[in-house]
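Examining the three-dimensional arrangement
Okay, here's what each chain looks like letter by letter:
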Amino acid sequence: MSKKICGYICKGCGIGDALNTAKLAKAAGEQGVKEFKEHDVLCSPEGVAMIQADVDAGYNALLIAACSSRVKTDEFAFGSQVLVERVSLREQVVWGLSEADEEDTLMAGEDYMRMGAIKLSKSEPPTPYQLEGEVAKAVLVVGGGVAGMNAALAAAKAGSQVILVEKEAQLGGFLGKMAKLGPQTPPYRALEDTKVDELVGKVSGLDQIKVYTGTTIDKTEGAPGNFTVSLSNGEQVRAGAIIQATGWLPYDPENLKDELAYGSNPNIVTNVQFEEKAKTGDLSGINAIAFVQCAGSRDQNHLPYCSAFCCLVSCKQAMYVKAANPEASVYVVYKDVRTPSQSEEVYREAQRQGVIFIRRDETYPSISGSGKLTLTTKDVLLNEQVDLEDLDMVVLATGMKPNNPKVVDAPLVAFGEDQEKAKQMTEEAKAQNEDWSILNLAYRQGPNLPTLKYAMPDSHFICFPYESRRTGIYTAGTVRRPMRVSQAQEDGVGAAMKAVQVIRAAEVGCAVHPRSGDETFPEFAMQRCTQCKRCTEECPFGAINEDDKANPLPNPTRCRRCGVCMGACPERIISFKNYSVDIVGSQIKSIEVPEEDEEKPRAVILVCENDALPVIDMAARMGKTWSPYFRFINVRCLGSVNLVWIADALSKGIDGVGLFGCRRGEDYQCHFIKGSEIANVRMSKISETLTRLALESDRIKVSEVGINEVETLMDILKSFQDTIDTVGPNPYKGF
Amino acid sequence: MDYQQDFAKEVYEKVDSGAEIKVCMQCGVCASTCPLREKMKYSPRKLWTLIRAGRRQEVLNCPDIMLCTSCYTCKVRCPRGIPVIDVMHGLAHYALEKGITPREETKKFGEAFWDSIYETGRVDEATVPIKYCLKDGMIAGLKKSLSMLDIGMALMKAKRLTPKLFIPPNFFIPGSHKIKGLKDLQKMLDKAKAMGARKEG
Ligand code: SF4
Ligand code: SF4
Ligand code: SF4
Ligand code: SF4
């Protein structure tokens, strides 16, 4: 398709006053955008109508020089076949450089115009990826507990076919094993029936939901929109998306033999065992009972985290005892009572019923006795040692472990790493992986969902709660993190909505979060591939398999369009229609670098669109200003930064290169999970190369910034500017 | 054996507002908020723990329960909505009823206060303290009132106390200070007392 390009400069929001628009247009003209129109308020209905008229007349590539690409997105959208490139004159020039002199401001404006223009000239409209054959539209739900059943119902309600696989002989999960449910309705005081039969009946009664009980999964192959799943009963089913709602495993009380005398007396039981007793037996014989909270929880030797449900469960179980025998002495020995939201009402109700809460310190109480039990604990509220005697039973409130195998990420293998050492590190990491599986993924990257900590599947916790690092496979309920029944219900619904979306995205041929709707995808110029496997290894989402000839085999519906593979590829054969090594490289090369004696240094800052760009916009909006020597270039993710860009910049005489992206590490905020970390590893490897070229490694700076951290951003910008002033001009200037 | 529930049940059932402390979550807001906290051995918070732990003697003999000045701060601030002040007074009443005087001075002051109301229908900043001091006898009473001189001066400065009150005939002529309809007030007070006794009984 031939491209008809037109540029538009907005003169509103102070742009027209601060910049000479004719000069801006001229600068863009050098990079292929010859035609230009101006408007006083481009985002106004009249301005948009002017552009629309051009589009109707056949223009299909538009350079819009106005405000940031993050605002006015609806106004400046003309369908996926019309390329739009935005130049952020308002935020990055007029506002951010309001303290700079006229000349510097104009130079910045011209550079941004050139960069936008060259990008537009080199971009092509996307051709959405289409799976071969029919897109599988069923949602496969693995696990028939609270989360799984609610996911199945929600997906069915949204119009999907559902396949529900449960390993036990009947649906219900832990809900089916409970005597009663904690209060679910205002005023949250009375225990309620679990109504599990009603829920199971609803699920089994729907034609749209096909239930397999007593069944597990032998193998999962394929990609979103096209999963083929082999079941343990020999059947094969096709699904478009998968929800893993495999629930939790009680923490093994055998581990608490030493600390809490588990096993020494049959009347020392766990909360799970007590629940069973409450369901099947009679509790009226209990005259005195103690619950020990945090039994193996929030303890570095056991489960380091809070399971967030055991306090609530103990309150509920204490109420069981009080209901059977109101005169019973019921004690709860706790570290902190953690009963968030409505559970607080349950705590209060237990207190009203006369349950006594005794606060202990970090040491576990000692429990002894062959018949009746005695519990001795430090009582921090009395500041004394106290004894509870003649106890009929002690219940250990143990925590939850996700029913999911632990996967340890192999350390990132990057440029310059000794291959033998890397191999060994990978082997060591792999040895820590748990070797059982639920989904048995036939992925090159392993059979299980990558986990972050404690075997909980890895996800960008804040923004994309249900996602896993295998696109199209979502987690819901207690496998994701410890939670209560009411939360697991909501979780199931949330994951179902995600599953429905990913199937739709596979049909349309676009990305899911965080680049929802993006119709580009990485294309490989395979003739030049050297089979180094960096793309396959570094893709955070396991999107790239390997074919029989050991070539990378991309699965575009698994792809999130982060560009990490593009950043990884040493042969630079991976590109998107509107984002490639060449495009960004050309943007860098289009920057005009003044001669050394002009004393106008230049630094390119590669800005991640997810958090770093918004914070720059916010800073500009708040009236913050920065050096006119910086040039920001948007990138999809720091992981997409190819090292050749650094070389491009430095060899052109640019004095420094910054990479601003999301937080990495354990509490990462990287929207592509590993991108920011990968970038950091790659950059750490190039300082050697720089030294060889007699360049200071300080010229390259990777920084992390959160979406609301304007002050941090300003500090980073300031210190980067200082560094550049200190190291002085790039010796390659003018070559 | 700690945490026997007999005393806790006694408090829940017999003490005014006693059952309200069941929902105390031991946050300590009352303790950190009470202006008397430095004078107290325990605080409301810890008293509730002692009640739950079954420490009857310790609680009923504790002067803290008679130190409360009825400032209401705790009741306003308790996140669990416990009327802490009411329970403090409830405990004090309950102790007295059981023949225990947790704090002699408060008892005396309370009596002086009551007497003043009952006899004149009024309380004022002069008569009540004087009555209170004189409970110790003439000499000791004078000593005590002298020791409280600074408080008296401060009250005067704040115009809460006027020297006129000490000048005859106001002070020395009995009955000059009474309200109209004192008899009716006394009837009401008698009735209230009887009702209170019935409730605690
Ligand atoms: S919910 Fe309560 S018992 Fe469970 S780990 Fe958290 S604090 Fe401990
Ligand atoms: S690295 Fe990113 S862009 Fe490349 S295949 Fe994986 S998800 Fe897609
Ligand atoms: S009302 Fe009594 S107990 Fe409460 S804060 Fe005031 S003095 Fe302390
Ligand atoms: S403020 Fe209320 S809840 Fe907190 S310790 Fe005092 S009485 Fe208990």
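Residues numbered from 1 in each chain as written. Chains lettered and ligands numbered in written order. Predicted model: local features only at pLDDT ≥ 70, side-chain atom pairs only at ≥ 80, totals over all residues. Heavy atoms only, no water.

Here we come to the overall build of chain A. In terms of helices and strands, chain A carries 20 helices and 32 strands. Computed over its C-alpha atoms, the radius of gyration of chain A comes to 30 Å, within 12% of the 27 Å expected for a compact globule of 735 residues. In terms of principal-axis extent, the alpha carbons of chain A reach across some 90 × 60 × 60 Å. For chain A, buried positions account for 57% of its 735 residues. Of all intrachain contacts in chain A linking residues separated by at least 6 positions in sequence, the fraction that spans at least 24 positions is 72%. Roughly 29000 Å² of accessible area belongs to chain A as shown, and the carbon and sulfur atoms make up 48% of that amount. (Helix = DSSP H or I, 4+ residues; strand = E, 2+ residues; numbered from the N terminus. Rg over C-alpha atoms; globule rule 2.2 N^0.38 Å. Buried < 20%, exposed > 50% of the residue type's maximum accessible area, 1.4 Å probe, protein only. Contact = heavy atoms within 4.5 Å. Areas by Shrake-Rupley, 256 points an atom, 1.4 Å probe, with all protein chains shown as cover.)

If you check the shell around ligand 1, you find A:Gln293, A:Cys294, A:Ser297, A:Arg298, A:Cys306, A:Ser307, A:Ala308, A:Phe309, A:Cys310, A:Cys311, A:Asp336 and A:Arg338 and nothing else. Counted by class, the shell around ligand 1 contains six nonpolar, three polar and three charged residues. (Near = heavy atom within 4 Å. Nonpolar A, V, L, I, M, F, W, Y, C, P; charged D, E, K, R; others polar.)

Below, the discussion takes up a negative patch on the surface. All names here are of chain A. Residues Glu-595, Glu-596, Asp-597, Glu-598 and Glu-599 make up a contiguous surface patch of negative charge. By secondary structure assignment, the location of Glu-595 is in the loop between helix H16 (581-589) and strand S29 (603-608). With relative accessibility at 49%, the residue Glu-595 sits in the partly exposed group. (Patch = residues over 30% accessible without salt bridge, like charges linked within 9 Å, V, L, I, M, F, W, Y side chains within 5 Å. Salt bridge = Lys/Arg side-chain N within 4 Å of Asp/Glu carboxyl O. Lys, Arg positive; Asp, Glu negative; His and termini not counted. Charge placed at Lys NZ, Arg CZ, Asp CG, Glu CD.)

So, on to the sheet that holds strand S18 (residues 373-379) of chain A. Residue and element names in this part refer to chain A. Pairing is antiparallel across the open sheet formed by three strands, whose spatial order is S17-S18-S19. The open sheet has two free edges, formed respectively by strand S17 (366-368) and strand S19 (384-391), since each of these has just one partner strand. With strand direction ignored, the average angle separating the axes of adjacent strands in the sheet is 15°. In the sheet, S18 pairs with S19 via six bridges, with the strands oriented antiparallel. Opposite Leu-375, over in S19, you have Leu-388 as the bridge partner. (Pairing = 2+ DSSP bridges. Axes fitted to C-alpha atoms, helices over the stretch in contact; angles between N-to-C directions.)

Attention now goes to the site of ligand 4. All names here are of chain B. In the region of ligand 4, 14 residues are neighbours, and Cys-24, Cys-27, Gly-28, Cys-30 and Cys-78 sit closest. Where the shell around ligand 4 is concerned, the elements lending two or more residues are helix H2 (29-33) and helix H3 (44-52). When its residues are assigned to classes, the shell around ligand 4 shows ten nonpolar, two polar and two charged.

Residues and elements named next belong to chain B. Its domain assignment divides chain B into domain 1 (7-97) and domain 2 (104-200). The centre of domain 1, based on its C-alpha atoms, is set 27 Å off from the matching centre of domain 2. Together, the buried faces of domain 1 and domain 2 total about 490 Å²; carbon and sulfur atoms form 47% of this surface. For the pair domain 1 and domain 2, the number of links is zero salt bridges. Along the contact surface separating domain 1 from domain 2 lie one residue pair in polar contact (both at pLDDT 80 or more). Tallying contributions element by element places helix H6 (residues 84-97) first for the side of domain 1 that touches domain 2, with three residues. When its residues are assigned to classes, the side of domain 1 that touches domain 2 shows two nonpolar, one polar and three charged. (Domains from an automatic or database assignment. Buried area = accessible area lost by both parts, 1.4 Å probe. Polar contact = N/O pair within 3.5 Å; in protein donor to acceptor, adjacent residues only side chain to side chain.)

For the rest of this paragraph, the subject is the domain arrangement of chain A. Residue and element names in this part refer to chain A. The domains assigned to chain A are domain 1 (1-125), domain 2 (139-247 + 433-508), domain 3 (253-399), domain 4 (523-574) and domain 5 (579-735). Of note, the centres of domain 2 and domain 5, computed from C-alpha atoms alone, are 42 Å apart. Domain 2 puts ten residues into the contact, and the matching count from domain 5 is seven residues. Each partner contributes to the roughly 670 Å² buried at the junction of domain 2 and domain 5, and carbon and sulfur atoms together form 63% of this total. Linking domain 2 with domain 5 are one salt bridge, by the criterion used here. Between Lys-453 and Glu-666 there is a salt bridge; the shortest N-O distance is 3.1 Å. A per-class count over the side of domain 2 that touches domain 5 returns four nonpolar, two polar and four charged.

The subject of this paragraph is the side chain of A:Asp54. All names here are of chain A. Its location among the elements puts Asp-54 in helix H3 (residues 45-56). Looking at Asp-54, its side chain comes within polar contact range of the side chain of Lys-37, at 2.8 Å. The residues touching Asp-54, leaving out its near neighbours within four places in the chain, are Cys-6, Tyr-8, Lys-37 and Tyr-59.

So, on to the interface of chain B and chain A. Opposite the 19 residues of chain B that make contact, chain A presents 20 residues. Taking both sides of the interface into account, the surface hidden between chain B and chain A amounts to around 1800 Å²; carbon and sulfur atoms contribute 50%. Sorting the residues of chain B by area buried against chain A places B:Met1, B:Tyr3 and B:Arg80 first, and these three jointly supply 35% of that buried surface. Summed over the shared surface of chain B and chain A, the number is three salt bridges. Those elements that place two or more of their residues in the side of chain B that touches chain A are helix H1 (6-14) and H3 of chain B. Take the side of chain B that touches chain A: its biggest share by element is five residues, from H3(B). Of the residues that constitute the side of chain B that touches chain A, the class distribution is eight nonpolar, three polar and eight charged.

All names here are of chain A. For strand S6 (residues 162-165) and strand S7 (residues 209-212), the ladder comprises four bridges, and the chain directions are parallel. Bridge pairing in S7 places Val-165 opposite Tyr-212. Between the parallel elements S6 and S7, the chain passes through helix H7 (residues 196-205) in a crossover that is right-handed. (Right-handed = clockwise from strand over helix to strand, strands pointing away.)

Our next topic: the nonpolar core. In terms of nonpolar packing, the biggest core is built from 96 residues, with A:Leu89, A:Met113, A:Leu606, A:Trp626 and A:Trp645 touching the most fellow members. Setting aside anything within four residues of it in sequence, one finds A:Trp626 in contact with A:Glu91, A:Gln92, A:Gly96, A:Leu97, A:Ile616, A:Ala619, A:Ala620, A:Phe632, A:Met714 and A:Leu717. (Core = buried A, V, L, I, M, F, W, Y, C linked by side-chain atoms within 4.5 Å.)

Residue and element names in this part refer to chain A. Using the criterion set out here, one finds 60 salt bridges over all chains in the structure. When the shortest N-O distance is used, the salt bridge between Asp-111 and Arg-631 registers 2.7 Å. Separated by 520 residues along the polypeptide, Asp-111 in helix H5 (residues 102-122) and Arg-631 in strand S30 (residues 630-635) bring together distant segments of the chain. Judged by relative accessible area, Asp-111 falls into the buried class, the value being 1%. Between Arg-515 and Asp-518 there is a salt bridge, and its shortest N-O distance comes to 2.9 Å. Via salt bridges that share partners, Glu-30, Asp-111, Arg-114, Glu-592 and Arg-631 belong to a single interconnected network.

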